[in-house]
Amino acid sequence: MNNLARLRLHDLAPEQQDFRAAVLEGLARPHKSLPCKFFYDAAGSALFDEICELPEYYPTRTEVDILRRAAAQIAELAGYGGVLIEYGSGSSIKTRLLLDALAPAVYMPIDISREHMLAACHTLSRDYPQLHLMAVCADYTRPLRLPRVDRGGQRKLAFFPGSSIGNFTPLEALRFLKNIAQTLAPGDGLVVGVDRKKDPAILQAAYDDAAGVTAAFNLNLLARCNRELGADFDLTGFAHKAFYNAAAGRVEMHMESLRAQTVHVAGQAFSFALGETIHTENSHKYDLDEFQHLATQAGFRLLKTWSDDADLFSVVSLQRP
């Protein structure tokens, strides 16, 4: 069988109108903001891959190390030969550790960046010739009706790696976890990466790296507005700004206007004062008891938690009762 014959794409991606509407609505707010899910066009996805390789950005390498140690135990808990569903798959680097351990029959990546996801799927299709891939291009922050997988009742394992659960507010995270629970049957599992609360200096360096890659990633959102919406953002007129908000338990990313200016987007004008910001991302950090409480509220039970020696990051295995 041709490798690509085992790859099916279910395209549920947001239309261009959704991006336009979100940008216009966000810039019209008293405190301007843009949804972080729109970071991940082709250019943004490539920049994020660069971020993951930075020395300051501990989450990726720390989680990979944890998954290497935990993969066999995750497989024992989740079962073998089933369906692996990954939310926000990106380059699917961490996925290979679970593919090797679980040997699933089906892998279903879900990502908003179609091109980035398909490129990863083509590579996986070559490297895992027995694997059936059902790629879903979608905004997973919204409720999803996933494609049906007829695999004779085999168990599903949902996988949400990285610190992406922190991009939601706690209330949004609860809603998201409930949405995942609704796609699973009793006995199915969920493995989540959770970034822990820690020294703010470590967080500051991770989200404002010396090489400026995170700054480029943040500013690419304005460049995307220029490319796709005919906006006239002057990228030299904005600066990346990241800081830890201790009261909210989160890192915030903003783009700060370096002067008083007016920007046009899709025919509408938006004024910026000197120092005014566009809030682009939150990354909430959790103590383990905080996250366990959230997961329990969403209808999951805790099976096991793995952490690195410094307690920077944890991987949590959950099950739908």
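Residues numbered from 1 in each chain as written. Predicted model: local features only at pLDDT ≥ 70, side-chain atom pairs only at ≥ 80, totals over all residues. Heavy atoms only, no water.

Assignment of secondary structure puts L318 in strand β13 (residues 313-319). Sequence-wise, L318 and G162 are 156 residues apart; in three dimensions their C-alpha atoms are separated by 16 Å. Setting aside its immediate chain neighbours within four residues, L318 contacts D188, G189, L190, V192, F291, A295, F300, R301, L302 and L303. (Helix = DSSP H or I, 4+ residues; strand = E, 2+ residues; numbered from the N terminus. Contact = heavy atoms within 4.5 Å.)

Bringing helix α7 (residues 200-207) into the picture now. Taken together, the buried positions of α7 are L203, A206 and Y207. The buried side chains of α7 occupy one side of the element, clustering within an arc of 85° when seen end-on. Buried residues along α7 sit in contact with α3 (58-78), β6 (189-195), α8 (213-229), β7 (238-245), β8 (250-257) and β11 (277-284). Near the N-terminus of α7, the side chain that reaches the backbone nitrogen of A201, with its oxygen 2.9 Å away, is that of D199. (Buried < 20%, exposed > 50% of the residue type's maximum accessible area, 1.4 Å probe, protein only. Arc of directions from axis to C-beta. Polar contact = N/O pair within 3.5 Å; in protein donor to acceptor, adjacent residues only side chain to side chain.)

As summarised here, the arrangement of the eight strands in space is β1-β4-β3-β2-β5-β6-β13-β12, forming an open sheet in which the pairing is mixed. Two strands in the sheet have a free side with no partner beyond their single neighbour: β1 (7-12) and β12 (301-307). Ignoring strand direction, the axes of neighbouring strands in this sheet form an average angle of 15°. This element, α3, spans β5 (156-160), β6, β12 and β13 of the sheet and lies at about 135° to β12. (Pairing = 2+ DSSP bridges. Axes fitted to C-alpha atoms, helices over the stretch in contact; angles between N-to-C directions.)

Time to look at unusual backbone geometry. For A103, which is not a glycine, the phi torsion comes out positive at approximately 45°. Mapped onto the elements, A103 comes out in the loop between α4 (95-102) and β3 (106-111). With a phi angle near 55°, D311 is a residue other than glycine that sits in the positive phi range. Residue position: D311 is located in the loop between β12 and β13. Judged by its relative accessible area of 37%, D311 falls in the partly exposed class.

Strand order across the open sheet formed by three strands is β7-β8-β11, with antiparallel pairing between neighbours. Looking at strand neighbours, the two that pair on one side only are β7 and β11, the edges of this open sheet. For this sheet, the mean inter-axis angle between neighbouring strands, taken without regard to orientation, is 20°. Packing against the sheet, α7 makes contact with β7, β8 and β11, and its axis sits at approximately 155° to β7. Along the sheet face, α8 touches β7, β8 and β11 and points at about 60° away from the line of β8.

The topology assignment puts D188 in the loop between α6 (170-183) and β6. For the buried D188, no salt bridge is present, and the opposite-charge side chain at shortest range is R155, 4.9 Å distant. Engagement of the side chain of D188 in a polar contact is seen with the backbone nitrogen of A185, the distance being 2.7 Å. Once residues within four sequence positions are removed from consideration, D188 is found in contact with R155, K156, L318, Q319 and R320. (Lys, Arg positive; Asp, Glu negative; His and termini not counted. Salt bridge = Lys/Arg side-chain N within 4 Å of Asp/Glu carboxyl O.)

All right, on to the pairing of β12 then. Bridge count between β12 and β13: six bridges; the pairing is antiparallel. What sits directly across from K304, in β13, is S317.

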